[in-house]
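Below, each chain spelled out in residue letters.
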Amino acid sequence: MADKLIIFDTTLRDGEQSPGASMTRDEKLRIARQLERLRVDVIEAGFAASSNGDFEAIKAIAAAIKDSTICSLSRANDRDISRAAEALAGANSSRIHTFIATSALHMEKKLRMTPDQVFEQAKLAVRFARNLVGDVEFSPEDGYRSDPDFLCRVIEAVIAEGATTINVPDTVGYAIPELYGNFIKNLRERVPNSDKAIWSVHCHNDLGMAVANSLAGVKIGGARQVECTINGLGERAGNCALEEVVMAIKTRRDYFDLEMRIDTSQIVAASRMVSQTTGFVVQPNKSVVGANAFAHASGIHQDGVLKARDTYEIMRAEDVGWSANKIVLGKLSGRNAFKQRLLELGVQMESEADINTAFAKFKELADRKSEIFEEDILALVSEEAATQQREQYGFVSLSQHSETGERPHATIVFTVDGKEMKGESDGNGPVDASLKAIESHVKSGAEMVLYSVNAISGSTESQGEVTVRLQNSGRVVNGVGADPDIIVASAKAYLSALNKLQSKADRVAAQG
Ligand code: KIV
Ligand code: ZN
């Protein structure tokens, strides 16, 4: 019988550490529900001790999700571990993931601890965690750049203390597939009690090899858990992409011979949800989930696929959920159909009144746009959730004038703590004028580091989805806005980013 490969998703923890990708409790809960539908084995829901927001999000996810193990990250100290256990108390199945750096560089420069101190702290942390939960994962941070002798000593000790999973991170994305695979293999051969734990890989993508390294860790090293994120979201160049690693294992079952629990037909929905929530757009040529991943433009390819699809296709678009891109509702759809669609999309509204408000917004949109896609509904719900949180800034209306040869001018009405304000400005283009009109009042001093427009469902009839990334005093946030009018979408995205800048982010960095 084939071995089982555990899929550990860390979109809500390592993915969220990506600058600008921070999510609210409700956004995290919605994504966790989609991860449960995707049937990931473990959802790393956050880092409980890093902030009250993360603690509450983990608690809510632990209470709502029944079919995946819920995990919290914690540094190797009693306070972090207790906080993780507290957040996970309501879970059906829970895991504490504790870590401490083991590379000479990290121990000396970051932790300012001797190897012996790190060794003791790792042991004590796992012992403490095992008294609280039965499922404990230990990660030697920067494991791949650590001295193998020291690593073997630490790993043997933490397994003896009861660690059930040993994860070997390539924290800085320095590994090469063959070397990483052999690194894991050697550790497993040298650690005397290695068979008492499941071995896991966790690879970052700085050299573009996170997926290849993870697969080598599985094939050569014998790891039976892969840590990954949807769309490869994560700090710097990101983490190992779940959709790629899962489809590689599935498509090349002849080579890997491993079983997974994943329902691959949920992959595209998960990808869209994460992209829409964080504002991290998926590149069109991205494997599996990019818009072009299954598009055949060249005549030779089209001809081949029509004659026999496996001439140019190694996976079926419908197996990863592409067929779900269909019109779901229209102008004549009623409240019940809308409510049903929300449930199918995993969106749970707090009250009937909230459904009524969202339904009214849906009707407004349906008046302006004949076909409503799942993405439109998700965008509408995200916007509605932001309004519910009584955010400081809210969009009301916009008018702008632009004509060839003239400098565009915009007038915007928006709310600040519920009070309407009017701002006016000209600019290089209509978007520039609109955002300057907002700034004429707000004077945030923020620097815009990214502006991108994307058609939610392909054509010019689609809603435009705009992402604005702002930076201020070292903080980076992403705002997302959607509207059939891309200038309005831009203003909404800008206001959403300003709201995020306002919310206090007193987080402790996991690798800090
Ligand atoms: O990359 C890393 O080392 C991590 C650990 C905290 C597991 O994310
Ligand atoms: Zn990581």
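(A) Seen up close, the packing of aromatic side chains. Under the counting rule described, the total for this entry stands at 7 aromatic pairs. Arranged with centres 6.5 Å apart and planes meeting at 55°, the rings of Y144 and Y174 form a pair that is tilted. With a gap of 30 residues between them, Y144 in the loop between β6 (136-141) and α6 (148-160) and Y174 in the loop between β7 (165-170) and α7 (177-190) connect regions that are remote in the sequence. We classify Y144 as buried; its relative accessible area is 13%. When the centroid spacing of 5.1 Å and the interplanar angle of 70° are considered together, the rings of Y144 and F183 count as edge-to-face. Taken together, the positions of Y144 in the loop between β6 and α6 and F183 in helix α7 put the pair 39 residues apart, joining distant regions of the chain. Each member of the aromatic cluster is reached from another via a ring pair, and the members are Y144, Y174, Y180 and F183. Its guanidinium or amino end placed over the ring of F55, R83 lies 3.7 Å from that ring's centre, counting from NZ or CZ.

(B) Broad picture of the sheet that holds strand β13 (residues 393-401). In space, the 3 strands of this open sheet follow the order β13-β14-β15, with antiparallel pairing throughout. Because the sheet does not close on itself, it has two edges, and the strands there are β13 and β15 (419-426). Put simply, the sheet's adjacent strands are angled 15° from each other on average, direction ignored. Here 8 bridges tie β13 to strand β14 (residues 409-416), and the two strands are oriented antiparallel to one another. Looking at the pairing, Y393 lines up with V416 of β14. Docked against the sheet, helix α16 (residues 430-442) engages β13, β14 and β15, running at close to 130° with respect to β15. Strand contacts of helix α17 (residues 486-502): β13 and β14, with the helix running at about 150° to β13, the strand carrying the most contacts.

(C) Up close: the domain arrangement of the protein chain. Examined at the domain level, the protein chain breaks down into domain 1 (3-255), domain 2 (327-386) and domain 3 (387-502). Put simply, the middle of domain 1 and the middle of domain 3, counted by C-alpha atoms, are 38 Å apart. Across the contact, 4 residues belong to domain 1 and 6 residues belong to domain 3. The contact between domain 1 and domain 3 buries some 390 Å² in all, and 42% of this surface belongs to carbon and sulfur atoms. It is P19, G20 and T24 in domain 1 that bury the most area against domain 3; as a group they hold 75% of the surface buried on that side. Here domain 1 is connected to domain 3 by 2 residue pairs in polar contact (both at pLDDT 80 or more). Tallied by class, the residues present in the side of domain 1 that touches domain 3 amount to 1 nonpolar, 3 polar and no charged.

(D) View of unusual backbone geometry. Although it is not a glycine, R236 adopts a positive phi angle of roughly 50°. Tracing the backbone shows R236 in the loop between β9 (225-228) and α9 (242-251). Judged by relative accessible area, R236 falls into the partly exposed class, the value being 49%. Positive phi is not limited to glycine here, since D257 has a value of about 50°. Tracing the backbone shows D257 in the loop between α10 (253-256) and β10 (258-259).

(E) Summary view of the pairing of β14. Taken across its 8 residues, β14 has 7 buried, putting it largely inside the fold. The turn joining β14 and β15, which pair antiparallel and follow one another in sequence, is formed by 2 residues; a positive phi near 50° is taken by D417.

(F) View of a nonpolar patch on the surface. Taken together, the side chains of M448, Y451, V453 and I486 make up a nonpolar region of the molecular surface, amounting to roughly 310 Å² of accessible area. Looking at the nonpolar patch, the element that brings in the most residues is strand β16 (residues 447-455), giving 3 residues. Tracing the backbone shows I486 in helix α17.

The rules we used
Residue indices begin from 1 for each chain and proceed along its sequence in written order. For naming, the first written chain is A and the first written ligand is 1, with later ones following in the order written. In keeping with the model being predicted, local features are shown solely for residues with a pLDDT of at least 70 and side-chain atom pairs are shown and tallied solely at 80 or more, while totals for entire chains, interfaces and linings include all residues. Heavy atoms from the whole structure form the basis of all side-chain values; hydrogens and water molecules are not counted. Between 30 and 60 degrees the pair is tilted, below 30 it is stacked and above 60 it is edge-to-face, where a pair is any two Phe, Tyr or Trp rings, Trp via its six-membered ring, whose centres lie within 6.5 Å. Helix and strand definitions here come from DSSP, where helices need a minimum of 4 consecutive H or I residues and strands a minimum of 2 consecutive E residues; each element is numbered from the N-terminal end. We call a residue buried when its accessible area falls under 20% of the maximum for its residue type, exposed when it is over 50%, and partly exposed in between, using a 1.4 Å probe and counting protein chains only. We call a charge positioned above a ring when the Lys NZ or Arg CZ atom is no farther than 6 Å from the ring centre and deviates by at most 35 degrees from the ring normal. Here, a strand pair is defined by DSSP locating no fewer than two bridges between the strands. The axes are straight lines fitted to the C-alpha atoms, using for helices just the contacting stretch, and the angles between their N-to-C directions are given from 0 to 180°. Here, residues are in contact when the closest pair of their heavy atoms is within 4.5 Å. Where each domain begins and ends is defined by an automated method or by a domain database. By buried area we mean how much accessible surface two parts lose on assembly, using a 1.4 Å probe and totalling the loss over both. Throughout this description, a polar contact denotes any pair of N or O atoms lying within 3.5 Å of each other; where both atoms belong to protein, one of them has to be capable of donating a hydrogen while the other can accept it, and for residues adjacent in sequence the pair is counted only when both atoms sit in side chains. Each residue receives one of three labels: charged for Asp, Glu, Lys and Arg, nonpolar for Ala, Val, Leu, Ile, Met, Phe, Trp, Tyr, Cys and Pro, and polar for the others, Gly being one of them. Put simply, a patch holds well-exposed residues, over 30% relative accessible area, that have no salt bridge, with like charges counted together within 9 Å and Val, Leu, Ile, Met, Phe, Trp or Tyr side chains within 5 Å. Values of accessible area rely on a 1.4 Å probe in the Shrake-Rupley scheme; residue burial ignores everything except the protein chains shown. For salt bridges, the criterion is a side-chain nitrogen of Lys or Arg within 4 Å of an Asp or Glu carboxyl oxygen.

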